[in-house]
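Below, each chain spelled out in residue letters.
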Amino acid sequence: MRGGLLLANQRFPEVANREWLRYRPAMTKITVLDNGPLRIEGNFTICDASGKEFGLGGRTALSLCRCGKSANLPFCDGAHARTGFQSACPARDLPPPKPKV
Ligand code: FES
């Protein structure tokens, strides 16, 4: 995979970064967009709390609301921009998971 294809924080990664799917078609990529949604691309399903799948109409990319203001939860409808949602989450390393007792 070429460097730079998985850059986060791009406004429309589906346009700039679709090439990564050619290299890793089974991979799912989630991008935390600054002041916006979680952009999901690749192979994925989205289920409700009971396990029932949302019908995604064949989409291989969509955005999940992170601001809580969408009228179409859990999907982003652009309300984050109208409401001034502010949240930047630069990539970082998490500590190892705690051992299960
Ligand atoms: S993140 Fe877009 S409407 Fe909430």
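**As for unusual backbone geometry**
Next up, step 1: Along the chain, Leu-73 connects to Pro-74 via a cis peptide bond; the corresponding omega equals 10 degrees.
Next up, step 2: Relative to the assigned elements, Pro-74 resides in the loop between β3 (61-64) and α3 (79-83).
Next up, step 3: We note that Asn-35 has phi near 60 degrees; this positive angle belongs to a residue other than glycine.
Next up, step 4: The topology assignment puts Asn-35 in the loop between β1 (28-32) and β2 (38-42).
Next up, step 5: With 14 C-beta atoms counted inside 10 Å, the residue Asn-35 sits in the partly exposed group.

**Quick word on the environment of Phe-85**
Next up, step 1: Take Phe-85: it is sitting in the segment after α3.
Next up, step 2: Sequence separation of Phe-85 and Pro-37 is 48 residues, and the distance between their C-alpha atoms is 9.9 Å.
Next up, step 3: The contact partners of Phe-85, leaving out residues within four places of it in the chain, are Asn-35, Cys-67, Lys-69 and His-80.

**Looking at the environment of Ile-30**
Next up, step 1: With respect to the helices, strands and loops of the structure, Ile-30 is situated in strand β1.
Next up, step 2: Along the chain, Ile-30 and Glu-41 lie eleven residues apart, while their C-alpha atoms are 6.5 Å from each other.
Next up, step 3: Dropping the residues within four chain positions of it, Ile-30 is found in contact with Leu-38, Arg-39 and Ile-40.

**Some words on the sheet that holds β3**
Next up, step 1: The antiparallel open sheet is built from three strands, whose spatial order is β1-β2-β3. In this open sheet, the two strands that pair with only one neighbour each are β1 and β3. Taken over all neighbouring pairs, the strand axes of this sheet differ in orientation by 20 degrees on average, direction set aside.
Next up, step 2: Of the strand pairs in this sheet, β1 and β2 are connected by five bridges, and their pairing is antiparallel. Residue Lys-29 lies in a different strand from β2, and its bridge partner there is Glu-41.

So, how was this worked out
- Residues numbered from 1 in each chain as written.
- Predicted model: local features only at pLDDT ≥ 70, side-chain atom pairs only at ≥ 80, totals over all residues.
- Helix = DSSP H or I, 4+ residues; strand = E, 2+ residues; numbered from the N terminus.
- Buried ≥ 20, exposed ≤ 12 C-beta atoms within 10 Å, placed from the backbone.
- Contact = placed C-beta atoms within 7 Å.
- Pairing = 2+ DSSP bridges.
- Axes fitted to C-alpha atoms, helices over the stretch in contact; angles between N-to-C directions.

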